[in-house]
Amino acid sequence: MCGILCTITSNKCGSNDLSGYKESKRSTLLKRRGPDRTSSSNLLDMSWNFYFEGHVLWMQGCKVVAQPAADEFGNILLWNGDIFGGKYKKASDDVGDTAALLRALAENTPAGICGTFSEVIGPWSVIYWNESRKTLWFGRDPLGRHSLLWFRNTSSITITSVTERSHSDDYLEVPAFGLFSLDFSATDPDALPIPTLHQWSHRPSELAFGIDESSGQLPGNYDVNHFNFSNVEETIKSQIDFGNLFLKVVGESQYLSIENISILPPNEALEVVRKSWVDVDVRLETFLKLLNESIKTRVKTQPGLCKNCIKDVGSTVEIDVHCTHPKVCVLFSGGIDSTVLALLVDHFVPENESIDLLNVAFAKERSSGFPHNLENSENTSGTSKKEKRKKNPRKETSIIHPAEHSFDDVPDRITGKQAVAELAVLRPNRIWNFVEIDVSVAELNEVRQDFISDLIHPLKTVLDDSLGCAMWFAARGFGTLHSIRGANGVEAFSIKESYTSPARVAILGNGADEQLGGYSRHRSALEDGGWPQLASEMSRQVRNLPARNMGRDDRICSDHGRQPRFPFLDEAVVSYLSSLAPWEKVVAQAKMPRRGSSSKLKTQLTLKPGVGDKALLRLLALQLGLRNVCTFPKRAMQFGTRVAKLESTGKEKASDVCQRLVSS
């Protein structure tokens, strides 16, 4: 992950000497994203001053490539991305993706530049100056997986990965509609050019910009006036095939009809679904293959050094440093998404290295101590607390008597312990570092004011605040360490009071709910309008990913000098899931109206909580051996971590402007 910045000012505004800016908060935020190398350069061209600044997190190639990177033709590249596949993958493995891309872009026409980016597989945001045509290019990948913001007034433009919150500058997220270009060779030297959009090919004309016909607004509160949408040029071929995602779905016959399935326990119901669901084994085989390849790429594409050891190496891997510390962490709630990812990550990490599982919880009071035996965190499927105490008695000295608001009864803490115990059974030779990250209200308030409010900006809703705060503390990776290994899943050792994950790669489960039908809105859509309405809702959710949360989550996670990577949003995974009809990803059973009733057939998305929703992923988890986790119901992060409602004194809606963000 890198922090990139370009500022353009008119010569009439005076000098473009930004040496004082390097000490600003924005520069600090950029450097936190890219701690391995910092560089800057100035360009004076006609009536405009250009300032480029880059902060590099070294992830590809045999040595650090400083940014901004320039070639012999005067082209300048600021690249915040990963080339995970495609035409330039081999070159990026050798010299790094920044150098490989700069070579590919050299002396290209506009159509050639668009063609180059159409060949890139992986997440990215970019700023590129094409010297021969006096044109500045900028944009994000089709899913908007990396952040890019911009601000424009009559005499200047700023494009940046992140910025400090300000009451005067109205920054916006750059839409992930395609690439934008600013042509500075225009006849009027005093007027800032308006961006031209080179849109992604996967956006049909009626969906091109997602503009709401009634309000004229773009998703994410984009300002239509900032972009010259009437000037749309070359269409860029996308590496993502959205297949059936944008098509209208017809048909009402794709329901399971299994007698008495609703009375079965969730595990048994899933077993029955697997036997009854048409072609599900073929889908599971393909899904697992693609997800494995996605995770392999995201785990292995890095220098092979933790945050501590990379400081000893400097700027090249030619120095021999044997690092066996954790290099990969998983933001881990214990839910189905993060647990499946953790289990698959295990396949691609050397057995002598541990994997960090970062589990965050919020509470108003802190309990003292923690359980040393994870056997007491077994899944609860109808077993009472009294029965569990009989089955697994604890010594009095290890019992925790939590306060009313303790960390130990936070939902994600409970499921996290249950899930890591199951992982330890399935992978007994792996050391799983379960990191309990406990956050008090006082610490939350302090860090929100210092960092989080800036990172969430320009978003500002109550939901943005809750999710942003939870993710920031989780991604920080600072907490109490429980190292777990053993065939019975209960051996705990090397417990420390304080631990910070040294991993440079963070694996996140973004995109699973949107693509696989995990939200309550999906359930409501299917019940109200059948498969066509569910298909429409899933399409909307995927289309809005860049505007809703991807830029925010990138800014939040990258603030700790870790690279967030999203296996469910790999191009091949998204293309495959988009090719499936909604009834091939979720399971529904039609509830027939009573005899003599005039009511219509009613659709039930979830046969039982934790069965029908995200059924394809649940069956994959069951196939992998996660017999407990596979039926865990969906729980939103803000409620699972209990950050929601922690500070509110009144009734807040998720869509309300969060006063804690705008006033901090």
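Our structure is the block above this text.
With respect to the overall build of the protein
Part 1 of the reasoning: Within the protein, the secondary structure is distributed over 19 helices and 24 strands.
Part 2 of the reasoning: Evaluated residue by residue, the protein yields a buried proportion of 58% over its 664 residues.
Part 3 of the reasoning: Relative to all contacts within the protein whose residues are 6 or more apart in sequence, the contacts with residues 24 or more apart total 75%.
Part 4 of the reasoning: For the protein, the exposed surface amounts to about 27,000 Å²; the carbon and sulfur share of it is 49%.

Section: the pairing of strand β11 (residues 156-160)
Part 1 of the reasoning: Among the 5 residues in β11, 5 count as buried, and that is most of the element.
Part 2 of the reasoning: Residues of β11 alternate between two faces, with Ser 156, Thr 158 and Thr 160 on one and Ile 157 and Ile 159 on the opposite face, all of them buried.
Part 3 of the reasoning: Looking at chain direction, strand β1 (residues 3-10) and β11 are connected through 5 bridges and run antiparallel. When the sheet's bridge partners are listed, Leu 5 is paired in β11 with Thr 160.
Part 4 of the reasoning: Of the pairings in the sheet, the one linking strand β10 (residues 149-152) to β11 comprises 4 bridges and is antiparallel in character.

A few points about the pattern of salt bridges
Part 1 of the reasoning: In total, this model carries 36 salt bridges according to the counting rule given.
Part 2 of the reasoning: With its nearest N and O atoms 2.8 Å apart, the salt bridge here joins Arg 555 to Glu 173. One end of the pair, Arg 555, is in helix α15 (residues 545-558); the other, Glu 173, is in strand β12 (residues 172-173), with 382 residues separating them in the sequence. With respect to class, Arg 555 is no different from Glu 173; both count as buried.
Part 3 of the reasoning: A salt bridge links Asp 438 to Arg 413, with the nearest nitrogen and oxygen atoms 2.9 Å apart. Here Asp 438, found in strand β18 (residues 432-439), pairs with Arg 413, found in helix α10 (residues 411-426); they are 25 residues apart in sequence, far enough to count as distant.
Part 4 of the reasoning: Using a relative accessible area of 17% as the deciding quantity, one classes Asp 438 as buried.
Part 5 of the reasoning: With a relative accessible area of 0%, Arg 413 lands in the buried category.
Part 6 of the reasoning: Beyond isolated ion pairs, a larger network of salt bridges with shared partners links Asp 408, Arg 413, Lys 417, Glu 436 and Asp 438.

About the criteria used
Throughout this document, residue positions are counted from 1 along each chain, in the order its sequence is written. The predicted origin of the model limits local features to residues at a pLDDT of at least 70 and limits the giving and counting of side-chain atom pairs to 80 or more, whereas totals for whole chains, interfaces and linings rest on all residues. As a convention, hydrogens and water are excluded, and side-chain values are obtained from all of the structure's heavy atoms. Runs of E in the DSSP output that reach at least two residues are strands. Runs of H or I that reach at least four are helices, and both are numbered from the N terminus. Only protein chains enter the area calculation, which uses a 1.4 Å probe; residues under 20% of their type maximum are buried, those over 50% are exposed, and those in between are partly exposed. Residues are treated as being in contact if the distance between any of their heavy atoms lies within 4.5 Å. Surface accessibility follows the Shrake-Rupley procedure with a 1.4 Å probe radius. Residue values consider only the protein chains on display as shielding. DSSP-based pairing: two strands are paired if at least 2 bridges between them are found. For this document, the term salt bridge refers to a Lys or Arg side-chain nitrogen within 4 Å of an Asp or Glu carboxyl oxygen.

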